[in-house]
Amino acid sequence: MELIHEIRNSDNWTDAFFSEIEPYYLQNLNLIRNTLAADGVWDRFDTAFSEWKRPGQARTVSRDCTLAGFAGQGEIPYSDSFEGFGGFGETDITKLTAFNTSLLPSVVERFSEAVAENLQVSSGMVAPAVLTVGSLCIQKKYSIHPHSDWYEPGNLYMAVVGEASERKSPVMKEIMKPVYEYEKKENEKRAPDIALYETKKRILESKIAGITKNLTRCSKRKGEDICEDLEALSDIQQELNGLKEKAPVRLVADDVTMEILGKLMEQNHERIGIFSTEGGIFNILAGRYSDKTVIDLILKAYTGDRYAQDRITRKGQALDCPLITMLLYVQPIVIKQIMENSEFTGRGLNARFLYSLPPSAIGDRNYRVKKISDTDRADYGEAVQRLLAIPVPDKPKVIELGEEADRLAEAFFYEIERELKECFSEFKAWLGKLHGTTMRIALILHCFEYAEQSEFYKVSGQTMGNAVEIGRYFRTHARAAFNIMGLTDSPEVKDAKYIMRRIDSTGKMEMKLRDLYKLCCDRKGMEKKEGMIPGLRCLTEHGYIRIQKSCLTSQNPQNLQKGGRPSEIVYKNPEYARWKEKNV
């Protein structure tokens, strides 16, 4: 493992170093590829190593594909044998960093571990969700003040990725139980006031309707009577306008349109949570109920920017400082759709989310498990409800950093700045928000520890150190999410993956190149067969396929060509087929 750390340092990439590590490289190709891809430097290492291995022969097609021994870039890469299959450097989720629950305050640490054990899921399925519940509790109540004029609110956007049957719904039920209990009790207390408000509102509206009706119908009335009615109408309207709305407490929404969401926020101090185990909110944002994406409120409610929506046919909405907390348990296919949505990516929605990709426990789960103790459940419930019970002030109370916390926050800032210089462009938007998000995490940890006394204490060095480690966890997982969804791929690799999907769709192990072209010619850039060559080269170099001038082995002997030009046959690597059957 010491060698892998040396390989990660680009300063070591000399001819002598490559000569020294070559045996290790050949035995540990996948480990090296995955590690350096996670660091964002695999492309540079691959090029440098290939140039050393085959000086003057390696031709870089792209940052992800280095050609070895093939003819010119415009020619089909024929080969009689397969290159070693190694994939495109995709991240192995099972090797991602696990969430260290010891970084959480003790009360939520014990609960997170108990839920993970009871439901037989990874800590990365539970702990990020518990953090988000804390975020829901404190949004608009507290903000953190790292320095000068910089203030961060306490809300988070969290996406936890898991396949079906990963027990996402049971986890959500456990962590949200105290939230729903609090909401129910509060609404029971508010019920009489809400009923009285509704009655007064109906009476005043009825009076206004009656006077308005008299004014419009009676054309022979005296001017004095009309003036009296207008004066009464004005007084009643003022009374109605001054009637303070009483609405039920609504802490969380799920499948909701943006207009209804805005109304709920108006009634709840301009804050709300969106918690879901399906990710259907993305379909709404993508335009399920309209012909265009509607993400303005979601974008602005991440930072508390003013949101105003005007409508011709109905009353508009104006929110001065809206805040939303989101927790979404989604399947990989949903994340893929999010990442591929150009407007979500272009406007920065994807960059606002923290991503947790916990390894699957399916196949290794125990039948008999330890029960969540009443003490752990009660302590967690009390911690959540104490935070929920804190009144929402007119302006969030400010939490300052202690001296050690300030030093750690500054060091983490420069750590991120150095990485921003070299990371791929698609990841920069996300990474650029990580320091601010880490400050939010520090705020949540601080409030879990001190509850209603939070404003009287500064963030400690221990709390900030834990927040930074949690930030690093999310950095690793976000990079993996971007890598898995292909956002780090060069155009040639994207073409290669597309071609491979088309080959796989046929279920065949070999096929004519001209038949493959017919499957791919609708893709932009592949209208002509020459447009497929960069992608074919990538597939050949990475051991997915080989292309040979020959006859199909599965052809009927009676139909074999007699003379003439031999067919160009694409053969799928059996090693890839076995890997795909096992992993996909």
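Since the structure is predicted, the reported quantities are computational estimates derived from the model, not experimental observations. (Residues numbered from 1 in each chain as written. Predicted model: local features only at pLDDT ≥ 70, side-chain atom pairs only at ≥ 80, totals over all residues. Heavy atoms only, no water.)

Caption draft 1: The overall build of the protein, seen in detail. The helix and strand tally for the protein stands at 22 helices and 15 strands. For the protein, restricting intrachain contacts to residue pairs at least 6 apart in sequence, the fraction spanning at least 24 positions comes to 74%. Accessible surface, the protein as shown: approximately 29200 Å² in total, 48% of it carbon and sulfur. (Helix = DSSP H or I, 4+ residues; strand = E, 2+ residues; numbered from the N terminus. Contact = heavy atoms within 4.5 Å. Areas by Shrake-Rupley, 256 points an atom, 1.4 Å probe, with all protein chains shown as cover.)

Caption draft 2: Spatial organisation of the packing of aromatic side chains. Per the counting criterion, the structure on display carries 20 aromatic pairs. Ring centres of Y157 and Y302 lie 5.0 Å apart, and the angle between their planes is 70°; this geometry places the pair in the edge-to-face category. In this pair, Y157 sits in strand β5 (residues 157-161) while Y302 sits in the loop between α11 (296-300) and β8 (307-309), placing the two residues 145 residues apart along the sequence. Exposure class is identical for Y157 and Y302. Each is buried. Geometrically, the ring pair formed by Y544 and Y576 is tilted, given 5.0 Å between the ring centres and 55° between the ring planes. (Phe/Tyr/Trp six-rings, centres within 6.5 Å; stacked < 30°, edge-to-face > 60°. Buried < 20%, exposed > 50% of the residue type's maximum accessible area, 1.4 Å probe, protein only.)

Caption draft 3: Examining the environment of V369 more closely. As for its position among the elements, V369 is in the loop between β11 (353-356) and α14 (374-389). What makes V369 partly exposed here is its relative accessible area of 32%. Separated by 249 residues in the primary sequence, V369 and Q120 place their C-alpha atoms 7.9 Å from one another. Ignoring anything within four residues of it in the chain, the contact list for V369 reads E117, N118 and Q120.

Caption draft 4: The packing of helix α15 (residues 403-420) against helix α17 (residues 434-450), seen in detail. Following both chains from N to C, one finds α15 and α17 inclined at 150°, their axes separated by 10 Å at the closest point. If you check the angle between α15 and α17, you find them roughly antiparallel. For the pair α15 and α17, the sense of crossing is right-handed. Every residue of α17 that contacts α15 at A409, F412, F413 and I416 is listed here: L434, H435, T438 and M439. (Axes fitted to C-alpha atoms, helices over the stretch in contact; angles between N-to-C directions. Parallel < 35°, antiparallel > 145°, perpendicular 65-115°, else oblique. Left-handed = near helix turned anticlockwise from the far one by under 90°.)

Caption draft 5: Here's a closer look at the sheet that holds strand β14 (residues 545-549). A sheet is described by the order of its strands in space; here 3 strands give the open sequence β13-β15-β14, paired in antiparallel fashion. In this open sheet, the two strands that pair with only one neighbour each are β13 (510-512) and β14. Adjacent strand axes in the sheet meet at a mean angle of 25° when their direction is disregarded. Where β14 meets strand β15 (residues 568-572), 5 bridges bridge the pair, whose relative direction is antiparallel. (Pairing = 2+ DSSP bridges.)

Caption draft 6: Looking closely at helix α18 (residues 461-484). Compared with the 34 Å implied by 1.5 Å per residue over 24 residues, the 35 Å span of α18 between its first and last C-alpha is a close match. Of all 24 residues in α18, 18 are buried, a share of seventy percent or more. (Expected span 1.5 Å × (residues − 1).)

Caption draft 7: View of the side chain of E174. Along the chain, the position of E174 falls in helix α7 (residues 168-217). E174 gets classed as buried once you look at its relative accessible area, which sits at 14%. In this structure the side chain of E174 is engaged in a polar contact, spanning 2.9 Å, whose partner is the side chain of R377. (Polar contact = N/O pair within 3.5 Å; in protein donor to acceptor, adjacent residues only side chain to side chain.)

Caption draft 8: Spatial organisation of the sheet that holds strand β3 (residues 142-147). Here we have 3 strands laid out as an open sheet, ordered β4-β3-β12, and mixed in their pairing. In the strand order of this sheet, the two ends are held by β4 (150-152) and β12 (397-400), each with one partner. The average angle at which neighbouring strand axes cross in this sheet is 35°, direction not considered. In this structure, β3 lies alongside β4, joined through 2 bridges in antiparallel fashion. Within β4, the position partnered with H147 by the bridge is W150.

Caption draft 9: Helix α19 (residues 491-506), seen in detail. End to end, α19 covers 23 Å across 16 residues, agreeing with the expected 22 Å (1.5 Å per residue, within 8%). Taken residue by residue, α19 has E492, V493, D495, A496, K497, Y498, I499, M500, I503 and D504 as its buried positions. Once α19 ends, the next one or two residues include G507, with phi positive near 75°.

Caption draft 10: Examining the nonpolar core more closely. I175, L261, I324, Y355 and W430 are the most contacted members of the largest nonpolar core, which totals 118 residues. Non-local contacts of W430, meaning those with residues more than four positions away in its chain, are made with N350, A351, F353, L354, Y355, F474, R475, A478 and F482. (Core = buried A, V, L, I, M, F, W, Y, C linked by side-chain atoms within 4.5 Å.)

Just geometry here; none of it tells us what the structure is for.
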